[in-house]
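Remarks on the overall topology
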Amino acid sequence: MHELAVTESILEIALRHAHAQKASRILEMHLVIGEWSSIVDDSVQFYWDIISENTIAHGAKLCFRRLPAVLQCRQCGHTYHPDSRTLLCPQCHSKHITVLQGEEFYLEAIEVENEPEFTSPA
Amino acid sequence: MSSKIPVVEKILSANDRLALENRARFDAAGVFAINVMASPGAGKTSLIEQTIRALQGKLRIGMINGDIATSFDADRAAAAGAAAVQINTGGDCHLDAVMLQSALGQLDLSSLDLVIIENVGNLICPAEFKLGAHKNVLVASIPEGDDKPYKYPGMYRGVHAVVINKIDLLPYVPFRMDFFKEGIEALNPGVVQFELSCRTGEGLQAWFNWLVSEARKAALR
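The present account deals with the structure reproduced in this document. Here the residue numbers are simple positions, counted from 1 along each chain's written sequence. Lettering of chains starts at A and numbering of ligands starts at 1, both following the order in which they are written. Thresholds applied to this predicted model are a pLDDT of at least 70 for local features of residues and 80 or more for the giving and counting of side-chain atom pairs; totals over whole chains, interfaces and linings are not thresholded and use all residues.

Quick word on the overall build of chain B
Regarding its fold elements, chain B presents eight helices and eight strands. Against the 2.2 N^0.38 benchmark of 17 Å for 221 residues, chain B shows a C-alpha radius of gyration of 18 Å, consistent with a compact globule. The dimensions of chain B, computed from C-alpha atoms along their principal axes, are 70 × 40 × 35 Å. The proportion of buried residues among the 221 residues of chain B is 48%. Here, residue contact means that the backbone-derived C-beta atoms of the two residues sit within 7 Å. By sequence separation, contacts in chain B at least 24 residues apart represent 77% of the contacts at least 6 residues apart. Put simply, DSSP marks the helices as runs of H or I at least four residues long and the strands as runs of E at least two long, and each gets a number from the N terminus on. C-alpha atoms define the radius of gyration, and 2.2 Å times the number of residues to the power 0.38 defines the globule rule. Exposure criterion: with C-beta atoms placed from backbone coordinates, a residue whose C-beta has 20 or more other C-beta atoms within 10 Å is buried, one with 12 or fewer is exposed, and one in between is partly exposed.

So, the overall build of chain A
Scanning chain A from terminus to terminus reveals two helices and six strands. Taken from the N to the C terminus, the helices and strands of chain A come in the order α-β-α-β-β-β-β-β. The C-alpha atoms of chain A give a radius of gyration of 20 Å, which is well past the 14 Å a tight globule of 122 residues would have. Based on the C-alpha atoms only, the size of chain A along its principal axes is roughly 75 × 35 × 15 Å. Considering chain A as a whole, with its 122 residues, one finds that 30% of them fall into the buried category. For chain A, long-range pairs separated by at least 24 residues make up 73% of all intrachain contacts whose partners lie at least 6 apart in sequence.

Some points on the interface of chain B and chain A
As a measure of interface size, the accessible area lost when the parts come together is often cited. Opposite the 27 residues of chain B that make contact, chain A presents 29 residues. Counting residues per element, the ones that place at least two in the side of chain B that touches chain A are β1 (2-10), α6 (153-157) and α7 (177-187) of chain B. Amino acids are sorted into nonpolar (Ala, Val, Leu, Ile, Met, Phe, Trp, Tyr, Cys and Pro), charged (Asp, Glu, Lys and Arg) and polar (every other residue, Gly among them). When grouped by side-chain class, the residues that make up the side of chain B that touches chain A number 15 nonpolar, five polar and seven charged. When strand β6 (residues 105-114) of chain A meets β1(B), the two strands line up antiparallel, connected through seven bridges. When the sheet's bridge partners are listed, A:Y106 is paired in β1(B) with B:K10. A pair of strands is treated as paired once DSSP finds two or more bridges between them.

Observations concerning the packing of helix α2 (residues 44-54) of chain B against helix α8 (residues 204-220) of chain B
Residues and elements named next belong to chain B. Between the N-to-C directions of two axes lies an angle of 0 to 180 degrees, each axis being a line fitted to C-alpha atoms and, for a helix, fitted only over the stretch in contact. Here α2 crosses α8 at 65°, and the two axes come no closer than 11 Å. In terms of their interaxial angle, α2 and α8 are classed as roughly perpendicular. Between α2 and α8 the crossing geometry is right-handed. Residue-level inspection shows Q50, T51 and A54 of α2 in contact with α8, the latter providing L204, F208 and L211. Class assignment of the residues belonging to the contact of α2 with α8 gives a composition of four nonpolar, two polar and no charged. Angles below 35 degrees are treated as roughly parallel, those above 145 as roughly antiparallel, those between 65 and 115 as roughly perpendicular, and all remaining angles as oblique. Left-handed describes a crossing in which the near helix is turned anticlockwise from the far one by less than a right angle; the clockwise case is right-handed.

Regarding helix α1 (residues 3-20) of chain A
The end-to-end C-alpha distance of α1(A), which contains 18 residues, comes to 26 Å, matching closely the 26 Å that a straight helix rising 1.5 Å per residue would cover. Within the sequence span of α1(A), burial applies to A:E3, A:A5, A:V6, A:T7, A:I10, A:L11, A:I13, A:A14 and A:A18. Elements in contact with the buried residues of α1(A): β1 (23-34), α2 (41-51) and β6 of chain A together with β1 of chain B. At the C-terminal side of α1(A), A:K22 shows a positive phi close to 55°. Take the number of residues in a helix, subtract one, and multiply by 1.5 Å to get its expected span.

Details of the sheet that holds β6(A)
If you walk across this open sheet you meet the four strands as β2(A)-β1(A)-β6(A)-β1(B), and the pairing is mixed. Each edge of the open sheet carries a strand with a single partner, namely β2 (61-67) of chain A together with β1 of chain B. Taking the axes of each pair of neighbouring strands and ignoring which way they run, one obtains an average angle of 20° across the sheet.

As for the pairing of strand β7 (residues 161-165) of chain B
Residues and elements named next belong to chain B. β7 sits mainly inside the fold: five of its five residues count as buried. What you see with β7 is no split at all: A161, V163 and N165 on one side and V162 and I164 on the other are buried throughout. Bridge count between β7 and strand β8 (residues 192-195): four bridges; the pairing is parallel. Pairing of V163 across the sheet is with F194, part of β8. As a crossover connection, the stretch from β7 through α7 into β8 is right-handed. By the criterion used throughout, a crossover qualifies as right-handed when its path from the first strand across the helix to the second strand runs clockwise, the strands pointing away from the viewer.

Let's talk about the nonpolar core
By definition, a nonpolar core groups buried Ala, Val, Leu, Ile, Met, Phe, Trp, Tyr and Cys residues that connect through C-beta atoms lying within 7 Å of each other. Judged by nonpolar contacts, the single largest core of 96 residues is most densely connected at A:A14, B:L114, B:I117, B:L138 and B:V163. When residues no more than four places from it in sequence are discounted, the contact partners of B:L138 are B:M37, B:A38, B:M155, B:Y156, B:V159 and B:V162.

Here's the deal with the sheet that holds strand β2 (residues 32-38) of chain B
Residues and elements named next belong to chain B. Here seven strands make up an open sheet; going across it, the order is β4-β3-β5-β2-β6-β7-β8 and the pairing parallel. With one partner strand each, in any of the chains shown, β4 (83-88) and β8 form the two edges of the open sheet. Pairs of neighbouring strands in the sheet enclose a mean axial angle of 20°, with direction left out of account. Each of β2, β3 (61-67), β5 (114-118), β6 (135-141) and β7 touches α2; the most contacted strand, β5, lies at about 165° to it.

Quick look at the environment of A:S43
All names here are of chain A. Mapped onto the secondary structure, S43 falls in helix α2. S43 sits in the partly exposed class, given 15 other C-beta atoms within 10 Å. Residues S43 and E3 lie 40 residues apart in sequence; the distance between their C-alpha atoms is 6.2 Å.

Below is the structure:
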């Protein structure tokens, strides 16, 4: 359960980018989480609702894009999703594998509302 | 008007940056630092105790212990002869680079050769938070079962050395060493491995030798 620390980081990153763009409100947060990153969506959502209060990110929708683990065999080139009983290549049983996907954990983008441009009265 | 801002920033990048600062402090002092992780009861503290005793006179050792509430483990390390600092995480399931940074202020790195950081007992969270140690070490133990690399791939991928403790229990516990090692090697090819028993002392010497040789390399950096 390290989702509190993680959610604080997510908020810090989002606010920094939103302020740099002079956004008045953050509407959506697009997070990418690999299968092998041990992050629980529901816990992040729980902490998010609490810690984003009184910030421009309050009420922003958290959108999680989960990426399954994808392994590639270095022997025969086969790509596959590991099952729970083995990590070896299902085709040639080699243990020489490369992890292509599954360890991601980043904020991909934020959807923001921009402050209306100040226009001087005509 | 709404718009989408591309961010693409790793969530733990702030922690990663601080970990680099911690690493720089170790490097400046010529200290070799290891981050020892394991599930509760795998034998982290026993291994550290044995290490401190065995390397007395060879390496000057500091120990930083992360625990949820008690200081039992730091007390054991101090009794064994190390300069020990306790971090109580107050419920947090892992150490992070900030906690380590404040603990480092309590150790005189210039008088040490090796810093052993004992992380909170947990196979999930500590893998995500870099601390700045030179080597991440995972202590696995026979009674935990041979399926752990498959269940905790994140942990097994992020380490530089795996210590397989409690090998004296192999005759009594169903544990397929081949299956276990197959998982480790698939996830983390070429990772340094030690098979040992803190209780009988079997296999400990290879671990001690590795620490001494890595600490010598760090001192020359």
